[in-house]
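Here is what each chain is made of, one letter per residue.
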Amino acid sequence: MRRHPAIALAALLTAMAGCDDGTDSPMEPAHAPSAEMATTAGALAFRQVSAGGIHTCAVTNEDKAYCWGDDGQGELGNGTQYGPETCDGGCSSRPVAVLGGVSFKNVSAVWYFSCGVAIDGGAWCWGSNWTGQLGDGSTTRRLKPVAVHGGHLFRQVSAGTDHACGLTTDNR
């Protein structure tokens, strides 16, 4: 398993920048951003952030999921395994939209995969799946969200190193 402390630290610092102390703009930059960065990240306001080992995912106020950081296993959910940038295999230094059109309540990011709970209670996961941790009945890597099988409705999911757990709406 490869480790990327610099990316993990950057993801953690980015996530911490989103922690709100009651001000109007927790993501306000300390310096003037480039026009591209202002367009990409300036319009995003995150209400929930999950910092994984080498990537971070977040949910906007509009229930859309975005991820950034390492993408070597498809953990960004943007349909690629190595991109959109090339940094030691693939990454994104800016938030990229998670594909699939799912509206999320919350997300959970871990080393090589991510999961989230949709507004309708369905669970969705993407990225590495070598131990079946995505819950789709396979061990196939998924580059965008796939529904977790079983027909359960969830309040929350939590991604672990190579597993995921969830709390259902009936508290199971």
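So, how was this worked out
Residues numbered from 1 in each chain as written. Predicted model: local features only at pLDDT ≥ 70, side-chain atom pairs only at ≥ 80, totals over all residues. Heavy atoms only, no water. Helix = DSSP H or I, 4+ residues; strand = E, 2+ residues; numbered from the N terminus. Buried < 20%, exposed > 50% of the residue type's maximum accessible area, 1.4 Å probe, protein only. Contact = heavy atoms within 4.5 Å. Areas by Shrake-Rupley, 256 points an atom, 1.4 Å probe, with all protein chains shown as cover. Disulfide = S-S within 2.5 Å. Core = buried A, V, L, I, M, F, W, Y, C linked by side-chain atoms within 4.5 Å.

## What about the overall build of the chain?
Helix and strand content of the chain: two helices and ten strands. Listing the helices and strands of the chain from first to last along the sequence gives α-α-β-β-β-β-β-β-β-β-β-β. A buried classification covers 42% of the 172 residues belonging to the chain. For the chain, restricting intrachain contacts to residue pairs at least 6 apart in sequence, the fraction spanning at least 24 positions comes to 43%. Counting every atom, the chain has about 8700 Å² of accessible surface; 55% of that belongs to carbon and sulfur.

## Digging into the state of the cysteines
Here the structure, examined in full by the defined rule, presents two disulfides. Here Cys57 engages in a disulfide with Cys67; their sulfurs sit 2.1 Å apart. As the torsion about the S-S bond is roughly 100 degrees, the Cys57-Cys67 disulfide counts as right-handed. Pair noted here: Cys57 is in strand E2 (residues 55-60) and Cys67 is in strand E3 (residues 65-70), with a separation of ten residues, a long-range link. Here Cys115 is linked by a disulfide to Cys125, with a sulfur-sulfur distance of 2.1 Å. Judged by the sign of its S-S torsion, about 105 degrees, the bond between Cys115 and Cys125 is right-handed. Taken as a pair, Cys115 in strand E6 (residues 113-118) and Cys125 in strand E7 (residues 123-127) lie far apart in primary sequence, ten residues in all. A single burial state applies to Cys115 and to Cys125, both of which are buried.

## Considering the side chain of Thr60
Tracing the sequence through the fold places Thr60 in strand E2. The contact partners of Thr60, leaving out residues within four places of it in the chain, are Leu44, Ala45, Phe46, Arg47 and Tyr66.

## What to know about the nonpolar core
Side chains of a nonpolar character, in soluble globular proteins, are inclined to be buried together. Grouped together as the largest cluster of nonpolar side chains are 13 residues, with contacts concentrated most on Cys57, Ala65, Cys67, Val98, Phe104, Val107 and Trp126. The element that contributes the greatest number of residues to this core is strand E5 (residues 104-109), accounting for three residues. Residues Phe113, Val117, Ala123 and Ala159 belong to the second largest nonpolar core, which totals ten residues.

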